[in-house]
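Descriptive structure summary
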Amino acid sequence: MARRLAESGSGVVPGSAGPPDWSAGRGEASALRPVATPSGSCGAGPRARRGAMVRGEAGAAAAPAMEPLVLVAPVTALAFVGDQLLAGEGPGVVLYSPAAEAGAGAGRRARRVLRGHTVHGLRERKEPLAGAAGPALAAFGGKGLAVLELRGRGAAAELVPRGPPCELPDWVWDARWLRGAGEQLALALAHNAVALFDWAARRTLREARCQDRGVLYSALLAGDAWHDLALVAGTVGKQLVVWRAAEPAQADGGVRPRARLAGHDGVVFSMCYAPGRGLLASAADDRSVRLWDVGDLRAPRTPARCLWVRYGHQARVWAVQLLRDGLVSAGEDCACLLWSPGGDVVRSFQGHRGRGVRAVAVHEERGWLATGGMDAGTRLWHLRGDELQQRDLGAPPGSGAPRAVRLVDPDQLLVLTDAGAVHACDVGSGRWSPVLEDGRFRSYGLLEVARLPGRAALVAMGSLGGYVRVFPLEHVAGGAERQLFAGKVHSLSWASRPGSDPGTCALFASGPEGALFWLEACCGPGGQGLVLIPRGRYLLPLCRHRWHTSAAFLPQDGLWVCGDRRGSLLLFPCGPDPARGEGESEEPPACGNTPEPTGESPAQGPVSLLFGLHGKMGVTSVTCHEGLVYSTGRDGCFRQLRVRAGQLEELRRQRPGKGLEWVEELRFTPDGDLLVLGFHADSFVLWSTCAGAPLRCLPCGGGHRSWSYHRGTATDAFSWVQAGAVHVCCGQAGSSGLQVLREALHGRQVTSVRHVGAVLGPGRPPLHVLVTGSEDTTATVLALNTEDSTATPLTTLSDHISSIRALAIAAGSLSPPVPGELSALLVSAGGRAQLECYRLLLSAAPTAPAGIACLVLHVASHRLDERWDRMRNKHRMVKMDPETRYMRIAVVVGADATELPPPCVVLAAACSDGSVRLFVLQEAARCLQLVAESFHHQRCVLQVEAFVHRPAGGARKHFLCSAATDGNIAFWDITATVAQATAAPEPTDEETQPWDLGAPVLTVPAHSCGVNSLHVLEIPCGRFLVASGSDDGSIHVCVVAVGAATTPVLLQEQLQQPSAHAASVTGLRLLQPDLLASASVDQRLVLWHLGKAGLAFLGARFCPVADVAELDCWEATGPGEQPGYCCALAGQGLEVMWCQA
């Protein structure tokens, strides 16, 4: 970490000699203005001695250290140099080694190369550079230019700058190394000019301008020497202008264009030229990709011929690159398309989120396609994807129509016909062979297959008459059968029991009246000696569709879980219930007096029931993984659960991806991916959660028909029955065609960031955990490793239906803390007046990719529109505005408050409809209720903060401060409201009218416009510092004191710092009584010294994250264990800096 901080350079913005001159047209920083208050005295504690504002001393401060630690930014440039992939992220270049072995990984080595600019292009020098130890390349963006060397190979490769970056007078759109000219480059500038730049001398040797001097949106240089250099300029006039830099200038000083290519209906964003073929590809704002025949650009064909125009993208096209056989394009629709030479879409690569793919690079020898998105993700695709082979196997000869199909493995499948016959088919040859025929399975039959590890494949059949027949496929005659029911067998399912013999497998069969049998099938090698042993008899709760759909054994506690057709999850004991006496029957929950068949042992009911968890369409699968239970359903969701104290407890609900209305099954792969099997419309979809994209999408007619999927180590197969025929589709299972080099953060702007805490692991530095909320409706939990400058997503929360605007963290836990485990309550709020509450359980896990195991428990949720819909006599009430948004959320009282019940948390929300609302969360009951509100502001409330006064020997007093678009800060005494809310009885389903929060006890006119940031810090003697930032770039700081009952809050002092930033102040934190940090849309993080003379500038640092929306800070140690602060800035990305003042 010390080495990385030393490489970063100074912490002050380049070019700034010191604090800004406030008097130069901006007005001086006003001193503290005292407000008349009752006299009094108090002792000065340690923090008071440090706080110049409190003790009245100016206190000179040294220049602060401000060093970047972690940056997550959109990927704006990509290039292959040999087998290394270079990515431009913000002002830095990241180096990946995709060809490295799995043990070494793709690696990720980042280096900042530009100052205050974003890297938009990377150009390799084709011939060796004198004195260089490896390939040289130019990195450019904005007005910055840097030259780097790539030293080493594979995972040991590194980037070394050849001197500091250079600042140019104009934006650079393209750069090209000139052959045989030392370190000279040709630069395409933003005002349609070409400059010959000598990197060694750091000066421009010559410059040429075109007669068309408008601003360019893109540019392309072609040629290896100045005399044959040609420029293709994408102008604001929607044309491509071709001109040569070496031609003589006209009377106006500009070079006459050689050719103009017209046809695009929007500005051109990207171009690519193939000189050997004379082809030029262009991508534009009009969603089109065009291929031109221009010939040699030194003497372009006039007129140039447009070979084809295609509109394959659904939004603007950002990038295009020509291949030997076709081209690739990437656009704002997050798709990367592979085109044939004739203009047909051969393949679509999708997986990025949000605002599109901005950069592409192709390594044709390796068959690699790299894409970089605005979601900060980098992906490597294989152009030569596996080709799916689809075959129509028809129907088994002369044995009726197929009713059920099951894959034994990717090379063999079984089919049960309506004539009661079972046939096997070799997928490769399409040859059918009969297995057996049994008339009892005519017109109705169930078929299930289980492959025993290293042994035979067991086949189970169920009939209309209650018969269950099991036989090994290798030894059909050695089967066994039982008549379990008087009526039909409704369902069959196989399940493997952990720790059991490899030759055994559990079979569950459901019959009439909710009867459920557990049979154990045991056989030797080759299926010899098969026997069926009854292990248990169970009874499902009373409901309309009373049969199970899937079952799985838990690895501990002697329990198994199943899902039923009603959508419920049930937990059963493996053995007899010890709480029941001999011959005593147990009535399952919600079962009523259900009759049982006589003459048999009594059936056991569930010990735990989650009724209708997946809705009326039913549970489709249940599986256990790493001690947790996962269930899927036809409601389009899968759920994560755990068994605690013998009861099923739902942790969270997730939707795997857009368009999956029907989720069938989950598959956990050895490489850590989670595959989701489901259906979208009439297509089978295999969704990868790691890739965030479908691996398979096969039209099959929908999920209501019989189908089967099998995934092996090398190949996978999907088979289905349609129109009386059996179809099968095979591909390569091990090759998904995708390698995620860097996981995406968010698809849109990050609107909120909060520090959760640090997780301590043995023998390693603490790992900090952050939570980010975004406009893409998701919240992401990140593990921050400052040693290797990485931010690894741990999990994504996707319960919001609109953008997330605010996050809050409440410390404390319902249960005693576990050593080494971090527990916190997360509250997210945003559009559609929606609140979501989660319990985060984080612990050190050396085997996890980020070193942290993250478990999320969804606690409660609340939406105002749902509350109004549940209200009685709602026709008499004024309903809420559906566009109401929660702008900010604050924890008034956490779970560790001694005067409140331990599970109680009080929350305050700033709302866009002009209200301030209070909520009470009772975590044990999983209930979140609205208890009080006030519409005092009468306009959008932007900020809310809570603080607590703890008088010596007295009861706590709770206060709230809120700020709106009028610039006023209101202070509320909510002590009585909090006491009344927490003293209320246990929550019920009945909705009550919220109490009136009353009027504020103090209003401070702090700003002339909206308040975008607000923070409160307690100082001695019952006083509080309140700092706020506004739309006009000003910062206001005041001191308030808690007074008597008649005047609960008193204003003592205040100051105003106008024009503290050049744009809206969106983040502000009081780090100490005399130290303040502020962040703004002007991309500056500024540290201020707070004294009686006002705010004194200490230092600033440029932040490459655009549109900074929020700032969060926490104490952390830097190099040499020096104390300081980490500051996280969120916007179009995320950056974490370490500061010390």
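As a further point, take the overall build of the chain. For the chain, the count of helices and strands is 5 helices and 87 strands. Counting only residues that meet the buried cut, the chain has 59% of its 1141 residues in that class. Partitioning the intrachain contacts of the chain with sequence separation of at least 6 by distance along the chain shows that 52% fall at a separation of at least 24. A total accessible area of about 44700 Å² is found for the chain, and carbon and sulfur atoms account for 49% of it.

Before going further, it helps to examine the packing of aromatic side chains. Tallied over the full model, the rule gives 27 aromatic pairs. Between Phe 718 and Trp 720 the ring centres are 5.3 Å apart and the planes differ by 25 degrees, which places this aromatic pair in the stacked class. By relative accessible area, Trp 720 is classed as buried at 2%. Ring pairing ties together the aromatic residues Trp 662, Phe 679, Phe 684, Trp 707, Tyr 709, Phe 718 and Trp 720, which thus form one cluster. Residue placement shows Arg 202 over the ring face of Trp 199; its charged tip is 3.9 Å from the ring centre. In this arrangement the basic side chain of Arg 440 is found over the ring face of Tyr 467, its NZ or CZ atom lying 4.7 Å from the centre.

To continue, consider the sheet that holds strand E36 (residues 446-451). Judged by pairing direction, the sheet is antiparallel, and its 4 strands sit side by side in the order E36-E37-E38-E39 without closing on themselves. Each of the sheet's edge strands pairs with one partner strand only, and the pair in question is E36 and strand E39 (480-483). If you compare each strand with its neighbour and ignore which way they point, the axes differ by 15 degrees on average. The sheet contact formed by E36 and strand E37 (residues 457-462) spans 6 bridges and is antiparallel. Pairing of Val 449 across the sheet is with Val 459, part of E37.

Time to look at the sheet that holds strand E81 (residues 1065-1072). As summarised here, the arrangement of the 4 strands in space is E81-E82-E83-E84, forming an open sheet in which the pairing is antiparallel. Each edge of the sheet is formed by a strand with only one pairing partner; in this case those strands are E81 and strand E84 (1094-1102). Across this sheet, the average inter-strand angle for adjacent strands is 20 degrees, counted without regard to direction. When strand E82 (residues 1075-1080) meets strand E83 (residues 1084-1091), the two strands line up antiparallel, connected through 5 bridges. Of the residues in E83, the one forming a bridge with Ser 1078 is Val 1086.

Our focus in this paragraph is the pairing of strand E32 (residues 402-409). Every regular strand shows the same layout, with side chains that alternate between the two sheet faces. Taking burial as the measure, the 8 residues of E32 include 6 buried ones, the bulk of the element. The pairing of E32 with strand E33 (residues 412-417) spans 6 bridges and is antiparallel. Residue pairing for E33: Leu 407 is matched across the bridge by Leu 413.

Time to look at the pattern of salt bridges. Applying the stated criterion across every chain yields a total of 46 salt bridges. For Glu 332, the salt bridge goes to Arg 316, with nearest N and O atoms at 2.8 Å. Residue Glu 332 is found in the loop between strand E25 (326-331) and strand E26 (335-339), and its partner Arg 316 is found in the loop between strand E23 (305-310) and strand E24 (317-323); the two are separated by 16 residues along the sequence. Of the charged contacts, one joins Asp 966 and Arg 939 as a salt bridge, the two residues approaching to 3.2 Å between their closest N and O atoms. On the criterion of sequence distance, the pair formed by Asp 966 in the loop between strand E73 (957-964) and strand E74 (968-973) and Arg 939 in the loop between strand E71 (927-934) and strand E72 (941-949) is long-range, its members being 27 residues apart. Under the relative-accessibility criterion, Asp 966 is labelled partly exposed at 23%. What makes Arg 939 partly exposed here is its relative accessible area of 36%. Among the charged side chains, a network of salt bridges with common partners joins Arg 125, Glu 127, Arg 176, Arg 179 and Asp 224.

This part takes up the side chain of Thr 417. Its location among the elements puts Thr 417 in strand E33. Looking at Thr 417, the relative accessible area reads 0%, which means it is buried. Residues within four places of Thr 417 in sequence aside, it is in contact with Pro 396, Ser 399, Gly 400, Ala 401, Pro 402, Arg 403, His 423 and Phe 441.

We now examine the environment of Ser 934. Turning to its location among the elements, Ser 934 is positioned in strand E71. The contacts of Ser 934, once residues within four sequence positions are left out, are Gly 914, Ser 915, Val 916, Trp 972, Asp 996, Leu 997 and Gly 998. From its side chain, Ser 934 meets the backbone nitrogen of His 936 in a polar contact 3.4 Å long. Within the structure, Ser 934 has its side chain in polar contact with the backbone oxygen of Gly 998 (distance 3.2 Å).

Position of Ser 752 among the secondary structure elements: in strand E60 (residues 750-761). Residue Ser 752 is classed as buried on the basis of its relative accessible area, which comes to 0%. At a separation of 3.3 Å, a polar atom in the side chain of Ser 752 contacts the main-chain amide nitrogen of Leu 807. A distance of 2.7 Å separates a polar atom in the side chain of Ser 752 from a polar atom in the side chain of Glu 1110. Each residue touching Ser 752, except ones within four places of it in the same chain, is listed here: Val 771, Thr 772, Gly 773, Arg 805, Ala 806, Leu 807, Arg 888 and Glu 1110.

What follows is about helix H5 (residues 975-982). Residues of H5 that are buried include every one of Thr 977, Val 978, Ala 981 and Thr 982, and no others. Seen from one end, H5 has its buried residues packed into an arc of 120 degrees, which puts them on one side. On its buried face, H5 is in contact with strand E68 (886-893), strand E69 (904-911), strand E70 (916-922), E71, E73 and strand E75 (995-996).

Procedures and definitions
Residue positions are given per chain, counting from 1 as you read along its sequence in written order. Two thresholds apply to this predicted model, a pLDDT of at least 70 for residue-level local features and 80 or more for giving and counting side-chain atom pairs, whereas whole-chain, interface and lining totals are computed over all residues. Values reported for side chains reflect all heavy atoms of the structure, with hydrogen atoms and water molecules removed beforehand. Put simply, DSSP marks the helices as runs of H or I at least four residues long and the strands as runs of E at least two long, and each gets a number from the N terminus on. Exposure is judged per residue with a 1.4 Å probe applied to protein chains only, and the accessible area is read against the type maximum: over 50% gives exposed, under 20% gives buried, and values in between give partly exposed. Whether two residues are in contact is decided by their heavy atoms: any pair within 4.5 Å suffices. For the accessible areas, the method is Shrake-Rupley and the probe is 1.4 Å, while residue cover comes only from the protein chains on display. Each Phe, Tyr or Trp ring (for Trp, its six-membered ring) is paired with any other whose centre lies within 6.5 Å, and the angle between the two planes then decides the class: stacked below 30 degrees, edge-to-face above 60, tilted in between. Two conditions define a charge sitting above a ring: the NZ of Lys or the CZ of Arg must be within 6 Å of the ring centre, and it must be within 35 degrees of the ring normal. Note on pairing: DSSP must find at least two bridges between two strands before they are called paired. The angle between two axes is taken between their N-to-C directions and runs from 0 to 180 degrees, where each axis is a line fitted to C-alpha atoms and a helix contributes only its stretch in contact. In the sections that follow, a salt bridge refers to a side-chain nitrogen of Lys or Arg positioned within 4 Å of a carboxyl oxygen of Asp or Glu. Here a polar contact is recorded for every N or O atom pair within 3.5 Å, except that within protein the pair must consist of a potential hydrogen donor and a potential acceptor, and residues adjacent in sequence are included only if both atoms are side-chain atoms. The directions from the helix axis to the C-beta atoms are what the arc is built from.

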